[in-house]
Amino acid sequence: MDTAGHSEATTRRGLELTPFRGLRYDPDRVGSLAAVTSPPYDVVVRPDGVHHLQSADPHNIVRLILPQAATSGARNEQAADTLRRWRSEGILTTDPEPGLYVYEQSDGDGLVQRGIIGTLRVSDPADQVVLPHEDVMPHIVADRADLMRATSANLEPLLLTYRGNGPDSATAQLIEQAAGRPPLLATTTEDGYHHRLWSVTDPADVAKVQADLAQHQALIADGHHRWATYRRLRAEQPSPSPWDHGLVLLVDTARYPLRVRAIHRLLHGLPVADALAALDGRFRVRRLDVPLSDAMAALADAVETGNAFLLGGDGAFHLVDRPDPELLARTIPVDRPVAWRTLDATVLHATLLGHVWRIPEDSPAHIAYIHDTAATVRKAEHDGGTAVLMHPVREDVVRDLARQGVTMPRKSTSFGPKPASGLVLRALDV
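Residues numbered from 1 in each chain as written. Predicted model: local features only at pLDDT ≥ 70, side-chain atom pairs only at ≥ 80, totals over all residues. Heavy atoms only, no water.

**As for the overall build of the chain**
In terms of helices and strands, the chain carries 16 helices and 21 strands. Against the 2.2 N^0.38 benchmark of 22 Å for 430 residues, the chain shows a C-alpha radius of gyration of 22 Å, consistent with a compact globule. For the chain, the spread of C-alpha atoms along the three principal axes comes to 65 × 50 × 45 Å. Counting only residues that meet the buried cut, the chain has 55% of its 430 residues in that class. Here the analysis covers contacts within the chain between residues at least 6 apart in sequence; of these, 79% occur between residues at least 24 apart. About 17,700 Å² of surface is accessible on the chain, with carbon and sulfur atoms providing 50% of the total. Across the chain, the mean location of the 45 positive side-chain charges is 2 Å away from that of the 55 negative side-chain charges. (Helix = DSSP H or I, 4+ residues; strand = E, 2+ residues; numbered from the N terminus. Rg over C-alpha atoms; globule rule 2.2 N^0.38 Å. Buried < 20%, exposed > 50% of the residue type's maximum accessible area, 1.4 Å probe, protein only. Contact = heavy atoms within 4.5 Å. Areas by Shrake-Rupley, 256 points an atom, 1.4 Å probe, with all protein chains shown as cover. Lys, Arg positive; Asp, Glu negative; His and termini not counted. Charge placed at Lys NZ, Arg CZ, Asp CG, Glu CD.)

This is the structure:
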């Protein structure tokens, strides 16, 4: 069993996917399905995004995944009360039969991604069944755990990838057959993505998918903190319990390759001038008075020959590359593979954040992680901070490091498209 999709004689368990009774919005009780969906919680994050989603519909899922209150306890209690109320009022209803769910996302540029949603048996990294590739921040895991305990629910699926055995595999065939039927729901969200969902309830079909997936392991593409949360909650309960499984979307990237984007950094309280001055000749710096798109193109060219970053926030862009080799030798751990030591994210966290700028990477007061490039720059310009723009890592590099058991610095990648939150939830009491 490996991520390339080949099976071999082994005692190791593979992916164990289980059907569940999905909790879904009643389309007759909400303004529109699109208006109640949201990106994953860690993509929304900024208050303006939360407020926009809250105003889209009084039942938008953001009220569950990012409740707003003065304290963490009040936020979690609010989410739990909201979920109970929506269920009692019939806003959210439970599907009559347990099943797996085929999920499709597409856009106007020819992208189509299909996968299967179910509850996956939670495992530890040492089991080599679900492979993490990034470190997590303990305070975020604690926050998500408190929310899941309070609501007793998995409110949004993680995105996991695996490498399937081709179009004739049971899972691939079932997904394609389902996509030819009328869907349970179809909607188009404001980002232009079309979403469709089908249920698979026939026990024979479910069994075929389970047998197929049992040959494989998966890579966490999006949701490291939620997977770590699943592991924490499972450890708190004697087995068997509902916490032994967590809600996931599995996508076969041999058939549906994901897009890999970078996650950028916003450094609070560090003006661009100070960030550049601290480099003190240890990196090459070139000022670019060009639009953002041209600056990102220059960054893409620069990373072809080594580590490179783009700083913004002062009305211009500054291409930072060619780090001093002696500086790298002093600041980057040598007990990791070369592929890890040469990652841009490694150089950023170990050398720039840890040594040059001395910014704690796990402190929200000092650093924010933002997916949108333009938003990162706008926020830096507004707040007087520094935007550090990154170039994405290739998926094969991510997967190879994960298979070696090597985790990348936190928030190193953004795989997509990510599943929309709000299309199907899992309540642990059904």
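There is more to say, and it comes next.
**A closer look at the nonpolar core**
Core analysis: the biggest nonpolar cluster contains 113 residues, and Tyr25, Ile117, Trp227, Leu250 and Trp357 have the highest contact counts within it. Of the residues forming this core, the biggest block, six residues, is contributed by helix H14 (residues 344-356). (Core = buried A, V, L, I, M, F, W, Y, C linked by side-chain atoms within 4.5 Å.)

**Brief notes about the packing of aromatic side chains**
Under the criterion given, the structure shown has three aromatic pairs. Taking 6.0 Å as the distance between ring centres and 65 degrees as the angle between the ring planes, the aromatic pair formed by Trp227 and Tyr230 counts as edge-to-face. Here Trp227 and its partner Tyr230 are both found in helix H9 (residues 224-236), three residues apart, which amounts to about one turn of the helix. Exposure remark for Tyr230: the relative accessible area of 2% places this residue in the buried category. (Phe/Tyr/Trp six-rings, centres within 6.5 Å; stacked < 30°, edge-to-face > 60°.)

**A closer look at helix H10 (residues 272-279)**
Along H10, the residues classified as buried are Val272, Ala275, Leu276 and Leu279. All buried residues of H10 fall inside an arc of 95 degrees around its axis, so they share one side. Exposed positions of H10 whose direction lies more than 90 degrees from the buried face are Ala273 and Ala277. Buried positions along H10 lie against strand S15 (284-288), strand S16 (308-312), strand S17 (317-321), H14 and strand S19 (386-389). (Arc of directions from axis to C-beta.)

**What about the environment of Leu249?**
By the element assignment, Leu249 lies in strand S12 (residues 245-252). Considering only alpha carbons, one finds Leu249 and Thr119, 130 residues apart in sequence, at a separation of 8.7 Å.

**Notes on the pattern of salt bridges**
Here the idea is simple: oppositely charged side chains can pair when their charged atoms come close. Across all of its chains, the model carries 22 salt bridges by this definition. The partner of Asp383 in a salt bridge is Lys379, with the nearest N and O atoms 3.5 Å apart. Of this pair, Asp383 and Lys379 both sit in helix H15 (residues 373-383), four residues apart, roughly one helical turn. One continuous salt-bridge network, built from bridges that share partners, spans Glu104, Arg114, Glu176, Arg196 and Arg255. (Salt bridge = Lys/Arg side-chain N within 4 Å of Asp/Glu carboxyl O.)

**A closer look at empty space enclosed by the protein**
Taken as a whole and judged by the stated rule, the model has four cavities of 30 Å³ or more. Put simply, the largest cavity is a space of about 110 Å³. Lining the largest cavity are 13 residues; nearest its centre among them are Asp42, Glu134, Asp222, Gly223 and Lys411. Counting residues per element, the ones that place at least two in the lining of the largest cavity are helix H2 (41-44), strand S11 (218-222) and H9. Its residues assigned to classes, the lining of the largest cavity comprises three nonpolar, five polar and five charged. The calculated volume of the second largest cavity comes to roughly 70 Å³. In terms of lining residues, the second largest cavity is bounded by Arg144, Leu147, Met148, Leu155, Glu156, Arg226 and Tyr230. Elements that contribute at least two residues to the lining of the second largest cavity include exactly helix H6 (138-151) and H9. Considering each element in turn, the lining of the second largest cavity owes the most residues, three residues, to H6. Looking at side-chain class alone, the lining of the second largest cavity contains four nonpolar, no polar and three charged residues. (1 Å grid on protein atoms, 1.4 Å probe; cavity = no way out; pocket = protein on both sides within 12 Å on 5 of 7 lines; lining within 4 Å. Points joined across faces, edges and corners; volume = space filled by probe spheres on them. Nonpolar A, V, L, I, M, F, W, Y, C, P; charged D, E, K, R; others polar.)

**Considering the side chain of Asp57**
Within the secondary structure layout, Asp57 lies in the loop between helix H3 (47-56) and helix H4 (62-65). Nearest to the buried, unbridged Asp57 among oppositely charged side chains is Arg63, at 6.9 Å. One polar contact links the side chain of Asp57 to the main-chain amide nitrogen of His59, over a distance of 2.8 Å. In contact with Asp57, not counting residues within four places along its chain, are Val30, Gly31, Ser32, Ala35, Val36 and Arg63. (Polar contact = N/O pair within 3.5 Å; in protein donor to acceptor, adjacent residues only side chain to side chain.)

**Quick look at unusual backbone geometry**
Of note, the bond from Ser239 into Pro240 is cis; its omega dihedral lies within 30 degrees of zero at 5 degrees. One non-glycine residue, Ser152, lies in positive phi territory at about 50 degrees. Here the phi dihedral of Arg322 falls at roughly 50 degrees; this positive angle occurs in a residue that is not glycine. Along the chain, the position of Arg322 falls in the loop between S17 and helix H12 (325-331). Given a relative accessible area of 58%, Arg322 falls into the exposed group.

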